[in-house]
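Take a look at the letters that make up each chain.
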Amino acid sequence: MRTVYVAVYETWADWEIGHLLVELRTGRFTGVPWTVVTVGETVEPVVTMGGMRIVPDVALADVEPDEGDLLVLAGSGQWDDGRGDEFAKLAQRFLDAGIPVAAICGATAGLARAGLLDERKHTSAVKEYLQATGYQGSDNYVDERAVVDGDLITAGPDSPVQFARATLQRLGLADDRKLDAYEGVFHRADPSAYPILVG
C-alpha cells in the first residue's frame with residue numbers, strides 16, 4: 001500500500017487538505033487506498049485551526065522520504081510567523097528523492113522562503129503573498145488554482161478541490177474524465193458528474 005506523509009503542526013488548516021486525504025485514504029474514486037501517516041515535529045499532540053487534537057504518528061526526525069510516496073503540507077499560522085523551517089527541509093528531502101510534495105496556502109510561503117519555488121512553476125494565494133517572503137521565484141508564479149511542476153504541487157487557500165485534483169492527477173490515480181467529474185461534483189456541485197465519478 002502506498003503511503004502519504006501529512007505534516008501536522010499547531011493551527012494546521014484542517015479543511016485545506018481534507019478532500020485530498022479522503023480520496024487517498026479511502027480510494028473510493030481511484031480504487032487505490034493509501035496509508036496516511038501524520039508527521040509532527042515531535043509526537044506531542046497538536047491542535048488544528050478547527051480545534052481537533054491530533055497526535056502525530058511519527059516525529060519529523062524519523063521520516064525517510066523513500067518510505068513514502070507523497071508529502072502533504074497544509075497552511076497554518078506558523079508559516080506566516082516565519083516558522084516551519086524543519087518541514088520545509090523535509091520537503092526538500094522529498095523533492096531531492098524524486099517524491100512528490102503537495103503544498104497549499106501558507107505552506108507555499110514556507111517553501112518560498114526555503115528557495116524551493118525559485119526554479120519551479122507554482123501558485124499560492126496571490127503573487128504578492130509570496131513576494132513578501134523575499135523569494136526569487138516570482139517569475140515562475142502562475143495565477144491558477146493549482147499548479148503542478150514535476151514533483152511539486154501547489155495551490156492557494158481557496159482551492160482545496162483543485163489541490164486534490166492536481167495531486168491525484170500527478171500521482172496518476174485517475175484519468176482526466178474522472179478528474180473533471182470529481183471537480184464537477186465537489187466544486188461546482190454538478191450532480192450530473194457523479195455517475196462518471198463512481199463509474
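Before reading on, note that the structure itself is shown above.
Not measured: the values here are computed from a predicted model. (Residues numbered from 1 in each chain as written. Predicted model: local features only at pLDDT ≥ 70, side-chain atom pairs only at ≥ 80, totals over all residues. Heavy atoms only, no water.)

**Q** I tried to follow the pattern of salt bridges on my own but got confused; where do I start?
**A** For side chains of opposite charge, pairing can occur when their charged atoms come near one another. Counted under the stated rule, the structure contains 7 salt bridges. Here E64 makes a salt bridge to R93, at a shortest N to O gap of 3.6 Å. With E64 in the loop between β5 (58-59) and β6 (70-73) and R93 in helix α3 (residues 85-96), this residue pair connects regions lying 29 residues apart in the sequence. On the basis of relative accessible area, E64 is assigned to the partly exposed category, the value being 37%. On the basis of relative accessible area, R93 is assigned to the partly exposed category, the value being 33%. The salt bridge involving D180 is made with R165; its shortest N-O contact spans 2.8 Å. Note that D180 is positioned in helix α7 (residues 176-186) and R165 in helix α6 (residues 160-170), a separation of 15 residues in sequence. Note on D180: relative accessible area 41%, which makes it partly exposed. Of the residues examined, R165 reaches a relative accessible area of 15% and is grouped as buried. One connected set of salt bridges, linked through shared partners, spans R165, D180 and E183. (Salt bridge = Lys/Arg side-chain N within 4 Å of Asp/Glu carboxyl O. Helix = DSSP H or I, 4+ residues; strand = E, 2+ residues; numbered from the N terminus. Buried < 20%, exposed > 50% of the residue type's maximum accessible area, 1.4 Å probe, protein only.)

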